[in-house]
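Observations on chain architecture
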Amino acid sequence: MESTNSMAIEQFWGTGRRKTSVARVRIIPGGEAGVTVNKKPIQDYFDRADHWQVAQRPIEHVEKGGEYAVHVNVKGGGKTGQAGAISHGLARALVKADESLKASLKKAGFLTRDSRMVERKKYGQKGARARFQFSKR
């Protein structure tokens with residue numbers, strides 16, 4: 001049997017994380033420029049402009065906006081965390097595609113994972129920091 005895959009498409013992957021969100025970002029050089037998130041255009045997926053601007057910031061920082069088709073699968077968390085995860089994953093994928101971009105992206109802070117997470121609730125307490133009201137009598 002002959003293989004139907006005659007020519008492999010060059011693509012680069014990057015995984016980004018923020019809070020409880022995980023984004024798998026795939027960039028394809030020379031593809032149809034644009035960003036799709038969970039099979040929707042980025043402007044349709046994020047209802048606030050600042051979210052999709054945060055998600056696209058790494059590719060705009062290195063001025064490679066029209067050179068790559070970006071496809072993202074994201075899950076978990078809320079929209080703000082997902083936008084941050086996409087930004088982190090996109091920066092990692094860009095470094096895999098072109099190693100010379102690493103210094104610029106690292107200096108701008110796109111390759112650093114934002115480690116802030118929700119603090120866990122403690123046993124015998126109302127919340128992470130909140131306590132039940134104390135009554136002396």
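Refer to the structure above for everything that follows.
Each chain carries its own residue numbering, running from 1 in the written order of its sequence. Local features are withheld for residues below a pLDDT of 70 in this predicted model, meaning they are given only at 70 or higher, and side-chain atom pairs are given and counted only at 80 or more; totals for whole chains, interfaces and linings count all residues. The side-chain numbers reported here are obtained from all heavy atoms of the structure, hydrogens and water having been left aside.

1. Quick look at the overall build of the protein chain
Heads up, the condition is: Every helix listed is a DSSP run of H or I at least four residues long, and every strand listed is a run of E at least two residues long, numbered separately from the N terminus. We compute the radius of gyration over the C-alpha atoms and compare it with the globule rule, which gives 2.2 Å times the number of residues raised to the power 0.38. Burial classes follow relative accessibility: with a 1.4 Å probe on protein chains only, a residue under 20% of its type's maximum area counts as buried, one over 50% as exposed, and anything between as partly exposed. Any two residues having at least one pair of non-hydrogen atoms within 4.5 Å are treated as being in contact. In this count, Lys and Arg are taken as positive residues and Asp and Glu as negative ones, while His and the chain termini are left out. Note that the charge is assigned to NZ on lysines, CZ on arginines, CG on aspartates and CD on glutamates.
The helix and strand inventory of the protein chain stands at four helices and five strands. Mapped from its N terminus to its C terminus, the protein chain presents α and β elements in the order β-β-β-β-α-α-β-α-α. Radius of gyration (C-alpha) of the protein chain: 20 Å, far over the 14 Å computed for a compact globule of 137 residues. If one aligns the C-alpha atoms of the protein chain with their principal axes, the spans along those axes are about 80 × 40 × 30 Å. Expressed as a percentage of the 137 residues in the protein chain, the buried residues total 33%. Across the protein chain, contacts joining residues at least 24 apart in sequence account for 67% of those joining residues at least 6 apart. A distance of 18 Å separates the average location of the 27 positive side-chain charges in the protein chain from that of its 13 negative side-chain charges.

2. Some remarks on the packing of helix 2 (residues 49–61) against helix 3 (residues 79–97)
Spelled out, the test is: To define axes, lines are fitted to C-alpha atoms, for helices over the stretch in contact only, and angles between the resulting N-to-C directions are given on a 0 to 180 degree scale. Roughly parallel means an angle under 35 degrees; roughly antiparallel, over 145; roughly perpendicular, 65 to 115; everything else is oblique. Amino acids are sorted into nonpolar (Ala, Val, Leu, Ile, Met, Phe, Trp, Tyr, Cys and Pro), charged (Asp, Glu, Lys and Arg) and polar (every other residue, Gly among them).
It is at 7 Å that the axes of helix 2 and helix 3 come closest, and there the two elements cross at 10°. Judged by the angle between their axes, helix 2 and helix 3 are roughly parallel. When helix 2 is examined against helix 3, the residues His51, Val54, Ala55, Gln56, Pro58 and Ile59 are found in contact with a partner set consisting of Lys79, Thr80, Ala83, Gly84, Ile86, Ser87, Leu90, Ala91 and Leu94. Of the residues belonging to the contact of helix 2 with helix 3, the class tally is nine nonpolar, five polar and one charged.

3. Digging into the nonpolar core
The test is simple: The term nonpolar core refers to a set of buried residues drawn from Ala, Val, Leu, Ile, Met, Phe, Trp, Tyr and Cys, joined through side-chain atoms within 4.5 Å.
Counting residues in hydrophobic clusters, the biggest one holds 27 residues, and the most contacted among them are Ile27, Val37, Val70 and Leu94. Elements that contribute at least two residues to this core include exactly strand 2 (21–29), strand 3 (34–37), helix 1 (42–45), helix 2, strand 5 (68–75) and helix 3. Element by element, the count of residues in this core is highest for helix 3, at eight residues. Apart from residues no more than four positions distant in its own chain, Val70 is found in contact with Val25, Arg26, Ile27, Gly34, Val35, Thr36, Ile59 and Leu90.

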